[in-house]
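These are the residues of each chain, in order.
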Amino acid sequence: TVIIPGSFMKTYVLHGEFVQDYFLFPRLFVLAGATFDHNYAQSLDLLQSYGGGVGYVVYRTDRSEFDLRGGVGYSKQEYNGYPKLDLVTAGSRFYQSYQHRFANGMTFSEQGGMRPAWTNSRYLFGGGQLSFNMPVYHHLNLNVSSFDFWSNTVPPMLRKNIFQVSVGVNYAF
């Protein structure tokens, strides 16, 4: 056991996302997707979100791509022990993403976005993710990632923002 002094709090974050893009033109596409989040530090049992919209590739080269996306969607959030804060909303989704592949096989990706609600002006959810992947040996890779989760409607005495950094090893087939 390693004890680190400071203001660390127990956190457990699960994040899953499914997105399907369909290109209408070389730079213009439509998209649909679903997102699922669980965040122990914010007492969030489940945030489920479904939506769709349009996207545009702003910048593209052989190694890099920058996209902007916007759309509409539905969200439902359920808190553990705070049923009065459970809510269902409909609103907008705004996202951007950037990916870059380096010559030696390393990759960098960044995503960020926010979801303001139309049905509840207090509801605002946002987040971002950075990931750096480096080949180590054959198909074995080292991955360093950070995840930032922010919600405007958290239970009392809990933090609105959670930032997490993880280091891992993965195997690519």
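Nothing here was measured: the structure is a model prediction, and the numbers come from that model. (Residues numbered from 1 in each chain as written. Predicted model: local features only at pLDDT ≥ 70, side-chain atom pairs only at ≥ 80, totals over all residues. Heavy atoms only, no water.)

**Student:** Residue-level account of the overall build of the chain, with values.
**Tutor:** A tally of helices and strands in the chain yields 0 helices and 9 strands. Reading the chain from its N end, one meets helices and strands in the order β-β-β-β-β-β-β-β-β. Projected onto its principal axes, the C-alpha positions of the chain cover 50 × 50 × 25 Å. A total of 173 residues make up the chain; the buried ones form 31% of that total. In the chain, 49% of the contacts between residues at least 6 apart in sequence involve partners at least 24 apart. Of the accessible surface of the chain, which amounts to about 11000 Å², a share of 63% is contributed by carbon and sulfur atoms. Across the chain, 13 positive and 11 negative side-chain charges occur, with their mean positions spaced 4 Å apart. (Helix = DSSP H or I, 4+ residues; strand = E, 2+ residues; numbered from the N terminus. Buried < 20%, exposed > 50% of the residue type's maximum accessible area, 1.4 Å probe, protein only. Contact = heavy atoms within 4.5 Å. Areas by Shrake-Rupley, 256 points an atom, 1.4 Å probe, with all protein chains shown as cover. Lys, Arg positive; Asp, Glu negative; His and termini not counted. Charge placed at Lys NZ, Arg CZ, Asp CG, Glu CD.)

**Student:** Just give me the short version of the packing of aromatic side chains, but keep the residues and values in it.
**Tutor:** Per the stated rule, a full pass over the model turns up 7 aromatic pairs. A centroid spacing of 4.9 Å and a plane angle of 45° characterise the contact between F23 and F29, whose relative ring orientation is tilted. For F29, a relative accessible area of 1% corresponds to the buried category. Relative to Y74, the ring of Y50 has its centre 6.2 Å away and its plane inclined at 15°; by these criteria the two rings are stacked. Taken as a pair, Y50 in strand β3 (residues 44–60) and Y74 in strand β4 (residues 64–79) lie far apart in primary sequence, 24 residues in all. One aromatic cluster is present, built from ring pairs that chain together F18, F36, Y50 and Y74. (Phe/Tyr/Trp six-rings, centres within 6.5 Å; stacked < 30°, edge-to-face > 60°.)

**Student:** Mind laying out the pairing of strand β8 (residues 140–151), listing which residues take part and the relevant values?
**Tutor:** Sheet analysis places strand β7 (residues 124–137) next to β8, joined by 12 bridges and oriented antiparallel. Bridging across to β8, G126 finds its partner in W150. Connecting the antiparallel pair β7 and β8 is a turn made up of 2 residues, with H138 showing a positive phi of about 50°. Pairing of β8 with strand β9 (residues 161–171), which is carried by 11 bridges, proceeds in the antiparallel orientation. Looking at β9, one finds that F147 is bridged to Q164. (Pairing = 2+ DSSP bridges.)

**Student:** Give a detailed account of the nonpolar core, specifying residues and quantitative values.
**Tutor:** If you look at the biggest cluster of nonpolar residues, it comprises 11 residues: V13, L44, L47, Y79, L87, A117, Y123, F125, F147, F149 and V154. Broken down by secondary-structure element, the contributors of at least two residues to this core are β3 and β8. (Core = buried A, V, L, I, M, F, W, Y, C linked by side-chain atoms within 4.5 Å.)

**Student:** Talk me through a nonpolar patch on the surface; I want residue IDs and the actual numbers.
**Tutor:** On the surface, a cluster of nonpolar side chains totalling about 930 Å² of accessible area is made up of Y22, L24, F25, L28, V30, V54, Y56, V58, Y59 and L68. Of all the secondary-structure elements, those providing two or more residues to the nonpolar patch are β2 (28–39) and β3. The element contributing the most residues to the nonpolar patch is β3, with 4 residues. Along the chain, the position of L28 falls in strand β2. (Patch = residues over 30% accessible without salt bridge, like charges linked within 9 Å, V, L, I, M, F, W, Y side chains within 5 Å. Salt bridge = Lys/Arg side-chain N within 4 Å of Asp/Glu carboxyl O.)

**Student:** Explain the layout of surface pockets to me, using residue names and the numbers behind them.
**Tutor:** Rolling a probe over the atoms, with the probe sized like a water molecule, indicates the empty space that remains. Put simply, the largest pocket is a space of about 640 Å³. Looking at the largest pocket, it is lined by 42 residues, and the ones nearest its centre are E17, V19, T35, Y95 and Q111. Elements supplying a minimum of two residues to the lining of the largest pocket: β1 (13–23), β2, β3, β4, β5 (87–101), β6 (107–116), β7 and β8. Ranked by the residues each element gives to the lining of the largest pocket, the list is headed by β2, at 7 residues. For the lining of the largest pocket, the residue count by class is 15 nonpolar, 18 polar and 9 charged. (1 Å grid on protein atoms, 1.4 Å probe; cavity = no way out; pocket = protein on both sides within 12 Å on 5 of 7 lines; lining within 4 Å. Points joined across faces, edges and corners; volume = space filled by probe spheres on them. Nonpolar A, V, L, I, M, F, W, Y, C, P; charged D, E, K, R; others polar.)

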